[in-house]
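Residues per chain, in single letters:
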Amino acid sequence: MITIYDDPRLKLARGALGAVRVVHDPALPPRVLRLVDADGNEFFAKQHSERDRYARELHAYLAWGTHLIGHVPHMVGRQDATCTLLLTAVPGVRADTVTPGSPEEEQAHYEAGRVLGKLHHSTAVPRTGAVGTELAQRLRDWIARADRADLISKVERDRLNHNADVLANTLMDSAVCHLDYQPRNWLLGDAFGLCDFEHMRRDARIRDFARLEFRRWQAVPNLRTAFFAGYGQLLNNTEQRLLESFGAIEAVTALVRGHEQDDLALKTHGRTVLARLT
C-alpha cells in the first residue's frame, strides 16, 4: 500500500518544489492532491491509473497548451513511470458552484465559449469524412456494449445505429477538442481558467458542445445563447442536426458507464437523452 510518505505525487512535488503541504479538498477526486509550497503558491499533483489517459493529458499540455496561454495550468513536473503530473493551480472558483440563474453563471458560459473558440479556431481542419467514420465506429462499439448488458431495446438499438450511419456519412470539421467541456472544469477568477485535459484529442468540432447541450442548455437556453455569443459563431441547421446525432454517443456512453459504475444519476441521464432521440 502506498503511504503518504512514498506517494509518487508528493515525491514529484518535493523534487520540483521542495517542502510542500497537502491541503484537504473534498471536491477533488482521490487521485488529485492540492499542494502549497513554502511561498504559498498552489499546485495540483495528479496521478493517472490509465497510461493512455496520462499520455493524452501530457500531450495536451505539451502540444496544445500554447493555444490557451493564460487560461490553463502550467506543467512544472512529470514522472512517466508513475503517470504523475505536477501542475500550477489556476486561480478561481469552479463554475458549477455559482448560483444557478445568476449573471455570473451566464458570464461563465460566455467566457467558456470565448476560450473554446480560441482553441477550435486555431486548430480547425475543414470538413473531412475520416472523423465521422471513426466516431460512427466508436458509437457502434458502445451500442454493442449496451446490447450485451441488455440496457437497450431493439427500437433503441435501431435508433442508435441510425445515428451511427448519419455520422459515418457526414463530412465534418475537426479541431482539438476538450471533450469534457462543462462547468465543473471551468475556473472563474481574474481570467477564465480551464482544467482536466485527459480526454482532449482531435475530434469533431461540434462534438465539444454535446455535454453542455444535453446536460445543461436544454433546461436553460439563455446559457447556450451566451456561450455562442462568446464563441463568435452560431451553429447552422446542419451543425445543429449533427449535434443531435452526438446525443446518441452521450446517451449510450452514460448508460453503459452508469451501469458499470452503479451510478444512478448517470444511468438516468443516459435514459433521458436516449428518450429524446427515440
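Structure shown above.
Residues numbered from 1 in each chain as written. Predicted model: local features only at pLDDT ≥ 70, side-chain atom pairs only at ≥ 80, totals over all residues. Heavy atoms only, no water.

**Student:** Whenever I open this one, the overall build of the protein chain confuses me. Can you help?
**Tutor:** Secondary structure summary: the protein chain contains 9 helices and 11 strands in total. Against the globule reference of 19 Å for 278 residues, the protein chain gives a C-alpha radius of gyration of 20 Å, in line with a compact fold. In terms of overall dimensions, the protein chain has a C-alpha envelope of 60 × 45 × 35 Å along the principal axes. Long-range contacts, defined here as pairs at least 24 residues apart, represent 69% of the contacts in the protein chain between residues at least 6 apart. With the model as given, the accessible surface of the protein chain reaches about 13,600 Å², and the carbon-plus-sulfur share is 52%. When the 36 basic and 36 acidic side-chain charges of the protein chain are each reduced to a single mean position, those positions are 3 Å apart. (Helix = DSSP H or I, 4+ residues; strand = E, 2+ residues; numbered from the N terminus. Rg over C-alpha atoms; globule rule 2.2 N^0.38 Å. Contact = heavy atoms within 4.5 Å. Areas by Shrake-Rupley, 256 points an atom, 1.4 Å probe, with all protein chains shown as cover. Lys, Arg positive; Asp, Glu negative; His and termini not counted. Charge placed at Lys NZ, Arg CZ, Asp CG, Glu CD.)

**Student:** Please clarify how the environment of Ala89 should be interpreted in this entry.
**Tutor:** Within the secondary structure, Ala89 sits in the loop between β5 (84-88) and β6 (93-94). Between the alpha carbons of Ala89 and Phe44 there is a distance of 6.2 Å; along the sequence they are 45 residues apart. Apart from the residues within four sequence positions on either side, Ala89 is in contact with Glu42, Phe43 and Phe44.

**Student:** Could you clarify how one ought to interpret the environment of His259 in this entry?
**Tutor:** By the secondary structure assignment, His259 is in helix α8 (residues 237-261). Along the sequence, His259 and Ala219 sit 40 residues apart, while their C-alpha atoms lie 25 Å from each other. In this view, His259 contacts Ala149, Leu151 and Lys267; residues no more than four positions away in its chain are not counted.

**Student:** Hey, could you run me through the layout of surface pockets in this one?
**Tutor:** Over the atoms, a rolling probe the size of a water molecule traces out where space has been left empty. Considered as a void within the structure, the largest pocket measures approximately 1,100 Å³ in volume. Together, 42 residues line the largest pocket, and Pro29, Arg94, Arg184, Asn185 and Asp196 are the ones closest to its centre. Within the residue set of the lining of the largest pocket, elements represented by two or more residues are β2 (32-37), β3 (42-47), α2 (51-64), β5, β6, α6 (210-217), α8 and α9 (264-277). At 5 residues, α8 tops the list of elements feeding residues into the lining of the largest pocket. When its volume is computed, the second largest pocket comes out at roughly 470 Å³. In terms of lining, the second largest pocket is formed by 21 residues, of which the most central are His199, Arg201, Arg207, Arg211 and Arg257. Contributing elements (two or more residues each) for the lining of the second largest pocket: α2, α4 (130-148), α6 and α8. Among the elements that make up the lining of the second largest pocket, the one with the highest residue count is α8 (5 residues). (1 Å grid on protein atoms, 1.4 Å probe; cavity = no way out; pocket = protein on both sides within 12 Å on 5 of 7 lines; lining within 4 Å. Points joined across faces, edges and corners; volume = space filled by probe spheres on them.)

**Student:** Where do I start with α4 in this structure?
**Tutor:** Along an α-helix, residues three or four positions apart point the same way, because every turn accommodates 3.6 residues. Helix length check: α4, at 19 residues, gives a terminal C-alpha distance of 28 Å against a target of 27 Å (1.5 Å per residue), a fit within 8%. The set of residues buried in α4 consists of Val131, Gly132, Leu135, Ala136, Arg138, Leu139, Trp142, Ile143 and Ala146. With its buried residues spanning 165° around the axis, α4 presents them on a single face. Exposed residues pointing more than 90 degrees away from the buried face of α4 are listed as Ala130 and Arg148. Check the buried side of α4 and you find it contacts β7 (125-128), α5 (154-168), β8 (172-177), β11 (201-204) and α8. Asp150 sits one or two residues past α4 and shows a positive phi near 60°. (Expected span 1.5 Å × (residues − 1). Buried < 20%, exposed > 50% of the residue type's maximum accessible area, 1.4 Å probe, protein only. Arc of directions from axis to C-beta.)

**Student:** Whenever I open this one, the pattern of salt bridges confuses me. Can you help?
**Tutor:** Once their charged atoms are close, side chains differing in charge can pair, the charge on each being opposite to the other. Applying the stated criterion to the full structure yields 32 salt bridges. For Arg140, the salt bridge is made with Asp165, and the minimal N-O distance between the two is 2.7 Å. Within this pair, whereas Arg140 is found in helix α4, its partner Asp165 is found in helix α5, the two being separated by 25 residues in sequence. Accessibility expressed as a relative area gives 29% for Arg140, which makes it partly exposed. (Salt bridge = Lys/Arg side-chain N within 4 Å of Asp/Glu carboxyl O.)

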